[in-house]
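This is what each chain is made of:
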Amino acid sequence: MRTAWRSWFWNITLLIVMLVMAIIVTGVAISEKNMVAAAGFGVGGLLCWIGAFRAPTLGVYAKPQGVVVREFTRTRTVGWGEILGIEMAGGEGSASLSGPVIRRRGKGGKETVVELNALGGYGLFRPNDSPGRQAVAGLNEHLKTWRSSQDPRSV
C-alpha cells in the first residue's frame, strides 16, 4: 500500500526556484560592502537554502502514528484517532479547484479541517486522477486498516 503522496512537478519546480534565489541572494550578501545589508541578504540566503533542501520533501505521508503533512514552513502530524474523515473539498463535482482535506477532532471536540495543499496541482487538467484524489483514496485505505486494527471497545 502506498505511503507517500507528493506533487513531484511542483516539488522540483520549487527546488529550482529556491536554488536560483539562494545563489543570487548569497552572491549579493558576499559582495555587499554594507555589513547590515550583507547580514540581511545572508539571512535571506540561508532561508532560501533551507527552502531548497526542504522542497523535495513536501507532501503527505501515512505513518504508523498518523498522517504527516509536510508543508513548506511546517510539518504537522494528525493522529489516526483524531481523524473523522478524509475527503475532497471545494468544487467536488467539477474540474474547478478542489483539494484534499482531513476533517479531525480538535481541542474540546471541535471539528477542524487540515488542508493537504502540500500536494499542489488540484487536478485542474485531470480532475478524476489528481494527486489529491489519489491521496484521499490511499489515506482512506490506511485509515480503514488502522480502525480495523483497533479494539472496538477502545474506539
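Reference entry: report on the structure contained in this document. (Residues numbered from 1 in each chain as written. Predicted model: local features only at pLDDT ≥ 70, side-chain atom pairs only at ≥ 80, totals over all residues. Heavy atoms only, no water.)

With respect to the pairing of strand β4 (residues 75-79)
Reasoning step 1: Of the pairings in the sheet, the one linking strand β3 (residues 66-70) to β4 comprises five bridges and is antiparallel in character. Looking across to β4, one finds that V68 is bridged to T77.
Reasoning step 2: Here β3 folds back onto β4, and the loop between the two strands holds four residues. (Pairing = 2+ DSSP bridges. Helix = DSSP H or I, 4+ residues; strand = E, 2+ residues; numbered from the N terminus.)

Section: the sheet that holds β4
Reasoning step 1: Read across the open sheet, the four strands follow the order β1-β2-β3-β4; overall the sheet is antiparallel. One side of each edge strand has no neighbouring strand; the edge strands of this open sheet are β1 (4-5) and β4.

Focus on the pattern of salt bridges
Reasoning step 1: Scanning all chains against the criterion turns up five salt bridges.
Reasoning step 2: Residues E71 and R76 are paired through a salt bridge, measuring 3.6 Å at the closest nitrogen-oxygen approach.
Reasoning step 3: Each of E71, R74 and R76 takes part in salt bridges that share partners, so that together they form one network. (Salt bridge = Lys/Arg side-chain N within 4 Å of Asp/Glu carboxyl O.)

Regarding the nonpolar core
Reasoning step 1: Within the largest apolar cluster, 18 residues are counted, with the highest numbers of intra-cluster contacts made by V67, W80, I83, I86, I102, L116 and L139.
Reasoning step 2: Where this core is concerned, the elements lending two or more residues are β2 (59-63), β3, β5 (83-90) and α3 (131-149).
Reasoning step 3: For this core, the leading source of residues is α3, giving four residues.
Reasoning step 4: Not counting residues within four places of it along the chain, the set of residues in contact with I83 comprises V67, V78, I102, R103, R104, L143 and R147. (Core = buried A, V, L, I, M, F, W, Y, C linked by side-chain atoms within 4.5 Å. Buried < 20%, exposed > 50% of the residue type's maximum accessible area, 1.4 Å probe, protein only. Contact = heavy atoms within 4.5 Å.)

With respect to the pairing of β2
Reasoning step 1: Summarising burial for β2: four of the five residues are buried, a large majority.
Reasoning step 2: Two successive antiparallel strands, β2 and β3, enclose a turn made up of two residues.

Things to note about a nonpolar patch on the surface
Reasoning step 1: On the surface, W8, I12, I16, V20 and I24 cluster together to form a nonpolar patch covering roughly 490 Å² of accessible area.
Reasoning step 2: Locating I12 in the fold gives a position in helix α1 (residues 8-31).
Reasoning step 3: The partly exposed category is assigned to I12, whose relative accessible area is 44%. (Patch = residues over 30% accessible without salt bridge, like charges linked within 9 Å, V, L, I, M, F, W, Y side chains within 5 Å. Areas by Shrake-Rupley, 256 points an atom, 1.4 Å probe, with all protein chains shown as cover.)

None of this, on its own, says anything about what the molecule does.
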